[in-house]
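Spelled out, the chains give:
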Amino acid sequence: RIVLPEHPDASGAAAGEAITTRTDVYALGALLYWLLTGRTPHETENLPLAALVARVCGSDPLPPSAAGRGIDRDLDAIALMALERDPARRYPSADALRADLERWQRGDVVAARVPTRAERMRRWIRAHRAESALAAVLVVALLAGIVGVSGQARTAARERDAARAERAAAQALA
């Protein structure tokens with residue numbers, strides 16, 4: 001059995017606990033992290049083995065976007081979910097990780113992160129460009145109509161008030 005010190009399951013594996021597909025998911029997450037950032041998920045250079053295992057098992061990695069390479073939140077979430085210390089919170093299989101990466105590539109909602117309302121709206125607009133454009137035109141037309149009718153109503157009210165004032169002045173002279 002091979003146990004890598006950079007793996008959070010290392011202490012469990014060393015104690016004889018089962019290595020599962022979620023262990024492989026962690027390894028894939030570490031590879032993804034390295035591909036995104038050019039470094040390992042945990043700073044591990046020049047550490048004694050015991051300190052290395054303690055760091056990996058006791059701390060979460062920084063999001064890949066902390067490396068400053070323009071990585072978006074969804075990709076951050078995918079990498080961090082694959083690197084979860086608790087195996088039950090990781091992707092259940094490499095296939096589930098692959099499916100989430102494919103959803104990210106298509107611009108769909110990923111399982112690793114719940115998008116905000118604004119993000120869901122942006123994605124819907126991108127996916128339904130014609131309907132979005134039609135809705136925008138209708139909203140603009142409706143607002144223009146409301147502004148136009150409001151302006152006419154104000155003009156009519158001013159003219160009505162002016163006519164009443166003239167009539168009152170004419171009655172006062174008569």
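Scroll up a little and you will see the structure.
Now for a description of the structure that goes with this document.

Conventions used here
Residues numbered from 1 in each chain as written. Predicted model: local features only at pLDDT ≥ 70, side-chain atom pairs only at ≥ 80, totals over all residues. Heavy atoms only, no water. Patch = residues over 30% accessible without salt bridge, like charges linked within 9 Å, V, L, I, M, F, W, Y side chains within 5 Å. Areas by Shrake-Rupley, 256 points an atom, 1.4 Å probe, with all protein chains shown as cover. Salt bridge = Lys/Arg side-chain N within 4 Å of Asp/Glu carboxyl O. Helix = DSSP H or I, 4+ residues; strand = E, 2+ residues; numbered from the N terminus. Buried < 20%, exposed > 50% of the residue type's maximum accessible area, 1.4 Å probe, protein only. Contact = heavy atoms within 4.5 Å.

## A few points about a nonpolar patch on the surface
Thought 1: A contiguous nonpolar patch, built from Leu28, Leu31, Trp34 and Leu35 and spanning about 400 Å² of accessible area, is present on the exposed surface.
Thought 2: Tracing the backbone through its elements, the reader meets Leu35 in helix 2 (residues 21-37).
Thought 3: With a relative accessible area of 57%, Leu35 lands in the exposed category.

## A few points about the environment of Asp60
Thought 1: Turning to its location among the elements, Asp60 is positioned in the loop between helix 3 (49-58) and helix 4 (73-82).
Thought 2: Asp60 sits 25 residues away from Arg85 along the chain, and the two C-alpha atoms are 7.3 Å apart.
Thought 3: Discounting residues that sit within four places of it in the chain, Asp60 has contacts with His42 and Arg85.

## Details of the pattern of salt bridges
Thought 1: Applying the stated criterion across every chain yields a total of 8 salt bridges.
Thought 2: Where Glu102 meets Arg98, a salt bridge forms, and the shortest distance between an N and an O atom there is 2.6 Å. Taken together, the residues Glu102 and Arg98, both in helix 5 (residues 94-106) and 4 residues apart, mark about one turn of the helix.
Thought 3: In this structure Glu102 comes out as partly exposed when scored by relative accessible area, which is 31%.
Thought 4: Members of the salt-bridge network, linked through shared partners, are Asp95, Arg98 and Glu102.

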